[in-house]
Amino acid sequence: MRTNLLPSAATALFWLERDIPGKEPERIELEQLPFTLGRNESCDYQILSSRVSREHAEIVRDEGVLKVRDLKSTNGTFVNGQRIDEHRLTDGDLVVIADVHFSLRTNRSDGVRKTVTQVMDRGDSDRDSEEDAVGDLIHAVRRMHETLLHRATRNRFQPVYDLMENRCVGYEAISRPQLPGDASTAQQILENTDCRLTERTNQLHRLIAAEHIARLSSATLLFVNLQPAEVGADLLPQSLSRLAAAAGGKRIVAEIPDSAVVDIPYFRDFRLKLRDLGIGVAYDGFAGSPHQIKAQAEFAPDYLKLSPALGRGVDKSTQRQEQIKALVDATSQSNVQVIAVGVHSENEARTCREIGCRLAQGDHFGHAQTIDWPLEGFSQSA
């Protein structure tokens, strides 16, 4: 433990509360600063998770103000739903590190602690921007709780088309909240925060998608999106494997954002777990080079979804045709299927087929739609 103590004249008792399911919150005293959190035993507080960096974050006192700093961690540090490099902490702030979240607490008496009721009072025109942010976060959390309670979510499904056999082989599930008003606020604030609430909401989206897709006999694949904060979570592979039964035996393919693909041990382990459970993997939004594909050969995906920018107007761009052809050639040795995305015309579809793309998505094959009408109509639209 470090021995840098707070000056006695300014000493206030701060602590973190770690929420543990089924137990009382763990109280972590912050008597000595800086206070480091991470996977290493040398940290002041050790977090045993593969998603946590060796030295992930630290809490410091800077000119009399308590702050949390991210120590260039792989998966980031979040305060009240926002990823931060450095952030001033106040009583009640939610600090999230990987799949663990803490609340900052203090017994300081200089000022009245704001209550939830006060923060929720939208009639106070004198609230400062910090109070607005807290109020927005509380509303977002409440909205997500309503989503879980009422299963108030729907999914749109966009076809994945086989260009060689001229048929639909699967669907991508795109989640859409179904709450009154602008329900996107909750997603914008919390989607990149790895905590139990977002975990349960994402599970609900995927479960409902699997239940719906089970009704479509023509498809054999269900593509489900993963948020960057979910990638590497220890319990996620088992959660995805259970979707196959709900989806009527269709193969589940987890779409990982290309920005979340990293050559580090936890990601390799995560990829191996999915493979062992029979879960397909797609890297989504790829616009890199053949060299990058070769560098990822040891943890290559089953599907490589290209950036939509490569597919749009590909029939009129020789440069993009050559770029896609090089990617197709680079994946051929590792049995990775390239999916062209953003295909909106017959000419684009034909060009993608001619340069070697077997699979494609885009409005040419059917818009993303909900399954709210007779299945025959849905199939025809695809």
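Not measured: the values here are computed from a predicted model.

Attention shifts here to the overall build of the protein. For the protein, the count of helices and strands is 12 helices and 19 strands. Across the 382 residues of the protein, 48% fall into the buried class. Long-range contacts, defined here as pairs at least 24 residues apart, represent 57% of the contacts in the protein between residues at least 6 apart. For the protein, the accessible surface area stands at approximately 18900 Å², while carbon and sulfur atoms represent 47% of it.

Scanning the model with the defined rule gives five aromatic pairs in all. Ring centres 5.9 Å apart and planes at 85 degrees place the aromatic pair Tyr45 and Phe102 in the edge-to-face group. Taken as a pair, Tyr45 in strand 4 (residues 45-46) and Phe102 in strand 11 (residues 100-106) lie far apart in primary sequence, 57 residues in all. Classification of Tyr45 as buried rests on a relative accessible area of 10%. When the centroid spacing of 5.8 Å and the interplanar angle of 80 degrees are considered together, the rings of Phe267 and Phe299 count as edge-to-face. Taken as a pair, Phe267 in helix 7 (residues 265-276) and Phe299 in the loop between helix 8 (290-295) and strand 17 (303-306) lie far apart in primary sequence, 32 residues in all. On the accessibility criterion, Phe267 (0% relative accessible area) is buried. Residue Phe299 is classed as buried on the basis of its relative accessible area, which comes to 2%. Among the aromatic residues, those joined into a cluster by ring pairs are Phe267, Tyr283 and Phe299.

Take the pairing of strand 10 (residues 94-97) next. Remember that side chains alternate between the two faces of the sheet whenever the strand is regular. Bridging between strand 7 (residues 77-79) and strand 10 involves three bridges; their strand directions are antiparallel. What sits directly across from Val79, in strand 10, is Val95. For strand 10 and strand 11, the ladder comprises four bridges, and the chain directions are antiparallel. Among the inter-strand pairings, Val95 is bridged to a residue of strand 11, identified as Phe102.

Looking now at the nonpolar core. In this structure, Leu222, Leu240, Ile256, Tyr283, Leu306, Ile324 and Cys357 are the most contacted members of the largest nonpolar core, which totals 53 residues. Once you skip the residues sitting within four places of it in the chain, Leu306 turns out to touch Gly285, Phe286, Ile324, Leu327, Val338, Ile339, Ala340 and Val341. Membership of the second largest hydrophobic core comes to 23 residues, among which are Leu30, Leu37, Tyr45 and Ala98.

It is worth spelling out unusual backbone geometry at this point. Here Leu33 and Pro34 are connected by a cis peptide whose omega angle stands at 0 degrees. You can see Pro34 is positioned in the loop between strand 2 (26-29) and strand 3 (35-38). The backbone of Asn335 shows a phi angle near 60 degrees, a positive value even though the residue is not glycine.

The six strands lie next to each other as 2-1-11-10-7-8, forming an open sheet whose pairing is antiparallel. The strands lining the two open edges of the sheet, one partner per strand, are strand 2 and strand 8 (82-84). Between one strand and the next, the sheet's axes are offset by a mean angle of 30 degrees, whatever the strand orientation.

So, about the pattern of salt bridges. Going through the model one piece at a time under the given rule, you end up with 18 salt bridges. Across the pair Arg167 and Glu165 runs a salt bridge whose closest N-O atoms are separated by 2.5 Å. For Glu165, a relative accessible area of 41% puts it in the partly exposed group. Connected via shared salt-bridge partners are Glu58, Asp62, Lys67, Arg69 and Glu86.

With that out of the way, let us pick up the sheet that holds strand 4. Taken in spatial order, the five strands of this open sheet run 4-3-5-6-9, and their pairing is mixed. Where the open sheet ends on each side, the last strands, each with one partner, are strand 4 and strand 9 (86-88). Two strands pair when backbone bridges link them, and strand 3 and strand 5 (residues 57-62) are joined in this way by three bridges, in the antiparallel orientation. Across the sheet, residue Phe35 finds its bridge partner in strand 5, namely Ile59.

Calculation criteria
- Residues numbered from 1 in each chain as written.
- Predicted model: local features only at pLDDT ≥ 70, side-chain atom pairs only at ≥ 80, totals over all residues.
- Heavy atoms only, no water.
- Helix = DSSP H or I, 4+ residues; strand = E, 2+ residues; numbered from the N terminus.
- Buried < 20%, exposed > 50% of the residue type's maximum accessible area, 1.4 Å probe, protein only.
- Contact = heavy atoms within 4.5 Å.
- Areas by Shrake-Rupley, 256 points an atom, 1.4 Å probe, with all protein chains shown as cover.
- Phe/Tyr/Trp six-rings, centres within 6.5 Å; stacked < 30°, edge-to-face > 60°.
- Pairing = 2+ DSSP bridges.
- Core = buried A, V, L, I, M, F, W, Y, C linked by side-chain atoms within 4.5 Å.
- Axes fitted to C-alpha atoms, helices over the stretch in contact; angles between N-to-C directions.
- Salt bridge = Lys/Arg side-chain N within 4 Å of Asp/Glu carboxyl O.

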